[in-house]
Amino acid sequence: MRILRLAVAVVVAFAAWVVVAPVASAGSAADYPEFPYPPTSYDEPLRGQFHFSPRAGWMNDPNGSVYYRGQYHLFFQHNPHGLGWDTMHWGHATSPDLVHWTQKPVALEPGVHAGDLWSGNGIVDTGNVTGLRSGDDDPILLFSGTGGVTVHYSLDGARTFQTYDHGREVVDTGDHTSRDPKVFWHAPSRRWVMVLYVNEGQDGANFYTSPDLLHWTFRSRFTADWLFECPDMYQLPVDGNPGDTRWVLSAAKDNSYVLGDFDGTTFTPTSPVRRQDFGGGSAGSPFYASQTFTGDPAGRVVQTAWQGGNHGATWTGNLTFPVQLGLRTFADGIRLTRDPIAELAALRRDPFDLGARTLQPGTNPLERLRADTYELTAQFDLAGATASKFGFRLHTRADGTFDREVSYDRNAHTLYGAPLAPVNGRVTVHLLVDRGQLEIFGDGYSYTDNVDFDPGAQGISLFTEGGSVHLVSLRFNRITTAWGTGESTLDNNLGNGWTPTGGTWTDTAAGKQGTATGDAFYLSTTTASDLSYEGDVRIDSGAAAGLTFRTGYTANVDTAGVVKLWRPGRDIATYATPITAGRTYHLKVVAAGERIRVYLDRSAQPVIDATDTAYADGRLGANVFDGQATVDNLQLNTPGFDTNLAGPWHPVSGTWTAPGTTVQSRGAGDTFYLSSQTGADFTYSGDLTPVNGVAAGLVFRANADATAHYTANVDVNGLVKLWRPGHDIATYPTTIVPGRTYHLSVTARGANIRVSLDGVEVINATDTTYPSGLFGLNGFAGTARFRAVHVTS
């Protein structure tokens, strides 16, 4: 979606409260993925407690929402560097249940990914029809761009994304304005379908089909004055009957939709144009640019929309609460229904039911209720009713004033000013009330609004005016906060539910950062007795940081120049070695009974081998002492990095960490990570992934500071290269796809060096410069990953 189309009046309104912030800027591969967010409790004034909003910065349209292996992935238009629209990124959040969201590092960044990164959608390529799969994860594709469609993909479960084919547009719309691709699977024709907003002198949508998500053929065009940007399309059963379905085609303008037939190439409308929500319908309004998730495991069609206008001191905009869509037959025809998803039940607390009764003017059966965020569901019977209007007044005060009235006009048949006809003589009203968000649902009715509710006025009034009305039923539920259940940047296999004990713990791009005077701990809920526990530890400033296990033991690195195993009241053992602030160290603890061994930087032998009987089991976590430190990649009982090269390893340049079973480099230029093992004649191999950036390689016959070495690498500029400082020895041209894993092998015998790619020899060269030296790894100008690194004689 293009936010620049905001009406002048809306822009002026925004300008009244948007804090001046730095202009959004392009990122770099060396810093990707970024996580540029300040700490937050998610409890600021007007911050929705069960409506997703960005941790900081601006958001608008939901984009690319998919379900993948137990997690819903929400992507959205985002400026993480300011409170206004500027230089669009794709934000990213995940949830196990569509309710509890955790913000993740930015998915798409200008400067790293091609195109303007405006709205689009996502698909999980479970069948690998793209042929992009490399490893255990299915490709996840994001479609974006204006004036054509660009594809970005992830091969590591949405941790990172790469741009397909250097940004080549898979759909080219020439000089016509186009944006907001929506892709879905059409089972009868066994093809993928794309619906794309295109203005060819008139608003409308173009339809394309593809067998592989990468090569698209134009099929048809559908034009309508209401079809302005952010099209969405999906199929729904009528009245729950799977044998009677309709296709729904919607657009952002006025939240419009029509029902129709679709044969895989052409859409034919069969209904009048209706509104899916009466709130807003223009950019920046309370409801706009709705999009449905793909791949819901229950087969539901779940939708969210951009709820513009809400804001706080650090964030702008939020999403509507997810709803399940349906089609239902009413007196005036088949209409779309929107109902909050069933997972809302996880947030409900303190239910209160009000039984059937006749409501009279001047009474309030809810006068004792006080609530901040809550849900109300009520049904009224209009038979014999004499009231002119009835409903709810929200956030009332003792003087009778209130923040918002939601009432039904019995004569006009309107709820909150929008049409709602009774069904079988009854009116159902369903409210979701959050700190700055109000959502109203009825039978085939939806109205989303922004209300800056006064936190000091939390009364609720059920009222009637001009006469009586019969209340059939009413249920009230408090809605508790959905925030704070997941880890944004701490990569670990210990689950959620971490708790701090002392100090301050915040999320950074490098992991979890603790700051403390004295000792502070960050503890998971996972406990263990005999264990292998490892992770990356970096002292940013101050004294020490480490891994805590069995609740009471900690193995740390200390800038006093030691690795230490300690428990409260006793230093069990130490190992003297230089420890430098700002460098990442890899610690591993192996505990079996009373024996505890500590390894540093993949050392072949433990640097500490001690016994202690104080603690037999307990929780796992991290520790910081007298300063600031960052921990990441905390893994319990996993195989870790697979290599037979002797350690300890040491970084010469760049940042080297250990996510999962890999090691990863990050840096703006050449980065080197060297083992302690040397060789002259050998075969050396590994699996290399140029994630974002330029190259990943195997280093051999190197000196201790990597100023002399050979490196064989894969380079996304389209080659395999054998090089040494100052000289490219040989190259082999071939396509190297960013994000894909390649098996590279080097066989060195004297001056002869042969390089094989995926089992095929591609370089056979001679060079006499370096006869022997250290083995290691190299990344260049970005991020690279390495696994299964082995040497044989």
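These numbers come from a predicted model, not from an experiment. (Residues numbered from 1 in each chain as written. Predicted model: local features only at pLDDT ≥ 70, side-chain atom pairs only at ≥ 80, totals over all residues. Heavy atoms only, no water.)

Caption draft 1: Structural view of the pattern of salt bridges. In this structure the tally under the stated criterion is 45 salt bridges. Here Asp 454 makes a salt bridge to Arg 397, at a shortest N to O gap of 3.4 Å. A residue pair is termed long-range when its members are at least 10 positions apart, and Asp 454 in the loop between β33 (445-450) and β34 (459-465) and Arg 397 in the loop between β27 (389-396) and β28 (402-409) qualify at 57 residues. For Arg 397, a relative accessible area of 29% translates into the label partly exposed. Residues Arg 754 and Glu 761 are paired through a salt bridge, measuring 3.7 Å at the closest nitrogen-oxygen approach. Judged by relative accessible area, Arg 754 falls into the partly exposed class, the value being 29%. For Glu 761, a relative accessible area of 40% gives the class partly exposed. Taken together, the shared-partner salt bridges in this structure form one network comprising Arg 55, Glu 487, Asp 507 and Lys 512. (Salt bridge = Lys/Arg side-chain N within 4 Å of Asp/Glu carboxyl O. Helix = DSSP H or I, 4+ residues; strand = E, 2+ residues; numbered from the N terminus. Buried < 20%, exposed > 50% of the residue type's maximum accessible area, 1.4 Å probe, protein only.)

Caption draft 2: Molecular detail of empty space enclosed by the protein. Here the structure, examined in full by the defined rule, presents five cavities of 30 Å³ or more. There is about 80 Å³ of room inside the largest cavity. As for the largest cavity, its lining consists of 13 residues, of which Gly 120, Asp 180, Cys 230, Pro 231 and Gln 291 are closest to the centre. At the level of elements, β1 (57-68), β10 (177-186) and β19 (288-292) are the ones that each hand at least two residues to the lining of the largest cavity. When its residues are assigned to classes, the lining of the largest cavity shows five nonpolar, five polar and three charged. There is about 70 Å³ of room inside the second largest cavity. Taken together, Asp 536, Arg 583, Thr 584, Tyr 585, His 586, Asp 601, Arg 602, Pro 651, Trp 656, Thr 657, Ala 658 and Tyr 673 form the lining of the second largest cavity. (1 Å grid on protein atoms, 1.4 Å probe; cavity = no way out; pocket = protein on both sides within 12 Å on 5 of 7 lines; lining within 4 Å. Points joined across faces, edges and corners; volume = space filled by probe spheres on them. Nonpolar A, V, L, I, M, F, W, Y, C, P; charged D, E, K, R; others polar.)

Caption draft 3: View of the packing of aromatic side chains. The full count for this structure, using the stated rule, is 45 aromatic pairs. A ring pair is formed by Trp 85 and Trp 118, whose centres lie 6.0 Å apart and whose planes are at 65°; its orientation type is edge-to-face. You can see Trp 85 sitting in the loop between β2 (71-79) and β3 (89-95) and its partner Trp 118 sitting in the loop between β4 (102-108) and β5 (121-124), a full 33 residues away along the chain. On the basis of an interplanar angle of 25° and a centroid distance of 5.5 Å, the ring pair of Phe 549 and Tyr 553 is categorised as stacked. (Phe/Tyr/Trp six-rings, centres within 6.5 Å; stacked < 30°, edge-to-face > 60°.)

Caption draft 4: Focus on the environment of Gly 518. Looking at the secondary structure, you find Gly 518 in strand β38 (residues 511-528). Sequence separation of Gly 518 and Phe 390 is 128 residues, and the distance between their C-alpha atoms is 60 Å. Sequence-distant contacts of Gly 518, defined by excluding residues within four places in its chain, comprise Val 624, Phe 625 and Asp 626. (Contact = heavy atoms within 4.5 Å.)

Caption draft 5: Fine view of the side chain of His 78. Structurally, the position occupied by His 78 is in strand β2. Within the local environment of His 78, its side chain forms a polar contact with the backbone oxygen of Trp 58, the two atoms lying 2.7 Å apart. Setting aside residues up to four positions removed in sequence, His 78 forms contacts with Tyr 37, Pro 54, Ala 56, Gly 57, Trp 58, Met 59, Thr 87, Met 88, His 89, Trp 90, Gly 91 and Gln 103. (Polar contact = N/O pair within 3.5 Å; in protein donor to acceptor, adjacent residues only side chain to side chain.)

Nothing here speaks to function; it is geometry throughout.
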